Amino acid sequence: MNYSIRRQTLLKPTWVAACGLALAMLAGPAVAEDFPTAAVNTSGLAVTDKTVTVGILHSATGTMAISETGSIQAEKLAIAQINEMGGVLGRKIEVIQEDGASDWPTFAEKSKKLLENDKVAAVFGCWTSASRKAALPVFEKDNGLLFYPTFYEGLEQSKNVFYTGQEATQQILAGLDWIAKEKKAKTYYLIGSDYIWPRTSMKIARKHIEQHLGGKVVGEEYIALGDTQFGSVINKIKLKKPDVIYAAVVGGSNVAWFKQLNAAGLNAKKQSLLTISVTEDEVLGIGGENLEGFYSAMKYFQSLKNANNEGFVAAFKKAYGDKAVIGDVTQAAYLGPWLWKAAVERAKSFDVDKAVVALPGYELTTAPEGYVKVDPNHHLWSKLRIGQWRKDGQADLVYESDLIAPDPFPKGYQ
Amino acid sequence: MFEYTMEEVGNIVVMQGFSGLSLFSVLLLMALGLAIIFGQMGVINMAHGEFMAVGAYTTVMMSKLAVAYDIVNSYFVFAIIAAFILAFWIGYGVEFLLIRHLYKRPLDTLLATWGLSLVMQQIFRSAFGAKEVSAELPEWLLGSFQPTEGIDIPINGVFVMALALVVTVGVYLYMFRSRAGLRVRATVQNRVMAGAVGINTKQVDRLTFALGCGIAGVAGAAFTTIASTGPTTGSLYIVDSFMVVVFGGAASLMGTIASAFGIAQAQSILQFFMTSSMGKVATLMTIVVILMLKPEGLFASKVRK
């Protein structure tokens, strides 16, 4: 692993991420006087001589709070760190947090409130595709700016959104290539929850397995969201004896799936399993003993060894307690405020129209996941990593791909 | 199925039979508490799932203690007892503060208990965090039991089955073989008359409600072995619980058992031969059709109206 900022390991880990960005961006912190408000804000956003207001819009209540809490924490941490460094264009960031309450129309309403009443310069938020799809028309109509953290199914690109997680092909293709080679896998069993993300992902996975890997899909199964009984499905898998189970089960079902899989005798000693829906956050609920030896394909694992990440993990734990864990999406959410800062500073303006065109091409070298680059299609170039779960809930890195270009509308996979 | 050997097919039949029975005991355990409350008192307890979550969180907390004192292998039984006691007393309090004021307005109990379920979810979230947690389980509850090569019987399934049996027999003995149960049945059949012969029907209601909640707590504790524990865990169970109770016929213990068995077998078999979601759809359709033909459920009770 060749990280260009190795020299920074001499610094205190907590400061590494912050200092790194400062070094990369500017010689010293910007002062507000250099950027008069009238010049940096021509579109009536909530920007004063001292402050700039942004929004955070996630579910702090309801079913999705399980997943979205980590994103809220990461975004607040990044904003606090940016403020410590002097803010953006010399202005402190102030946050208005709204609760989407796991309800998609609420996301649209709150987006409208943040954009039209509060005039926020950017929003960090949404988690499920459903909430993003609900909020998207509002962002496009009011010309807002959204940083969306979750890995998702792709098939979307908007002027008003930057996607800091992976789109489906980035997460799926390299992972399948790896396991096909590593386990000499010929037969695959696909299983996911029954909604758009797993279904789109499995469609891509099936095409890739059949057309590029010469493998065979021996079963494809979708579980109703919230279903907790897997007895029959597991028996079907046992009958088919696939070389690899490829899983994208989410939520409470995910916990039940792994607990029952293990209890049915299908553990890593007997069965290879690659999942795209388990991060460190999910492991808390599933229990490390039920995952031990299975693989996850993600762009980030908490256990990544590089100076950026060590600084990030230390800062996160300092802010949220020693037991806090960081999953893939949490890290992607952490990138949002940093990317927005970069966009504004490159544009020398808070105006959405200017910031949006300034960001593509930007290279963020201080990301905990390592180097990322913003593509003109508003997604990030990133690496895919395969982690093998340990009993203690952390993953050992077993594979790392080269940088993968984002391709939200993959030809031949739709 | 000619691509498989006879032995493979045999193994699958055994394991599939077991998973049907296992689903049966899960559904039964889920529904028993609700059946007692709904069947005996006519109260629609929408917070049933949250009482299960109380049991689950109790188990998680106990497991933390167990890890600290290094008694992971034996704590689970105590966790179940603690889950029962805690859920029982919370149920007792809820009846006193909320439910007893609404007996004459049965539809309002639905709204009130639904509100209660939201309140409880938020309490879990504030107290234990929004993320899911898991209990440290004893070694003997993990993994599978292999009678022969090729057959795996999940141990947690056997455990849930045994517990469902114990609870069902317990409820039966309480309801049909004890003085307290006699008072409950008398109150259900004719509340005014029961009061006239000196039964404290208010006390009976309170105990019945608390008992139903306590059993929900036991179910929640047991389900930590097979599913998740989080603030909204309860909502995963509430629909299935109601389905079992309504399909069985509201006021009948036998009906609940028969209904849990029927639904479990149908679902388990259909999900094996169809896709999982289609299996569920087919099961629900069957239930709807049967309920249209027999609106009172499988076992209609003879209650004086």
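Residues numbered from 1 in each chain as written. Chains lettered and ligands numbered in written order. Predicted model: local features only at pLDDT ≥ 70, side-chain atom pairs only at ≥ 80, totals over all residues.

### A few points about the overall build of chain B
Okay, step 1: Of regular secondary structure, chain B possesses 11 helices and two strands.
Okay, step 2: Counting from the amino terminus, helix and strand elements in chain B follow one another as α-α-α-α-β-β-α-α-α-α-α-α-α.
Okay, step 3: Expected size for 305 residues packed as a compact globule is a radius of gyration near 19 Å; at 20 Å, chain B falls within 12% of this value.
Okay, step 4: Split into buried and exposed, the 305 residues of chain B put 49% on the buried side.
Okay, step 5: Partitioning the intrachain contacts of chain B with sequence separation of at least 6 by distance along the chain shows that 78% fall at a separation of at least 24. (Helix = DSSP H or I, 4+ residues; strand = E, 2+ residues; numbered from the N terminus. Rg over C-alpha atoms; globule rule 2.2 N^0.38 Å. Buried ≥ 20, exposed ≤ 12 C-beta atoms within 10 Å, placed from the backbone. Contact = placed C-beta atoms within 7 Å.)

### Looking at the pairing of strand 6 (residues 187-193) of chain A
All names here are of chain A.
Okay, step 1: For strand 6, a buried count of six out of seven residues is recorded, marking the element as mostly surrounded by other parts of the structure.
Okay, step 2: Across seven bridges, the pairing between strand 6 and strand 7 (residues 216-223) is parallel. Its bridge partner lying in strand 7, Tyr189 is registered against Gly219.
Okay, step 3: Running through helix 7 (residues 196-211), the crossover from strand 6 to the neighbouring parallel element strand 7 is right-handed.
Okay, step 4: Pairing of strand 6 with strand 8 (residues 244-248) involves five bridges; the strand directions are parallel. In the strand pairing of strand 8, Gly192 is matched with Ala248. (Pairing = 2+ DSSP bridges. Right-handed = clockwise from strand over helix to strand, strands pointing away.)

### Points about the interface of chain A and chain B
Okay, step 1: Taken together, the 35 residues of chain A in the interface contact 39 residues of chain B.
Okay, step 2: Contributions of two or more residues to the side of chain A that touches chain B are made by helix 3 (65-84), strand 7, helix 8 (231-240), helix 9 (251-263) and helix 10 (280-286) of chain A.
Okay, step 3: Partitioning the side of chain A that touches chain B into residue classes produces 13 nonpolar, 15 polar and seven charged. (Nonpolar A, V, L, I, M, F, W, Y, C, P; charged D, E, K, R; others polar.)

### Considering the domain arrangement of chain A
Residues and elements named next belong to chain A.
Okay, step 1: Looking at chain A, the domain boundaries give domain 1 (6-166 + 303-378) and domain 2 (168-298 + 387-404).
Okay, step 2: Domain 1 and domain 2 are separated by 30 Å when their C-alpha centres are compared.
Okay, step 3: Contact residues are listed per partner, giving 16 residues for domain 1 and 18 residues for domain 2.
Okay, step 4: A per-class count over the side of domain 1 that touches domain 2 returns seven nonpolar, seven polar and two charged. (Domains from an automatic or database assignment.)

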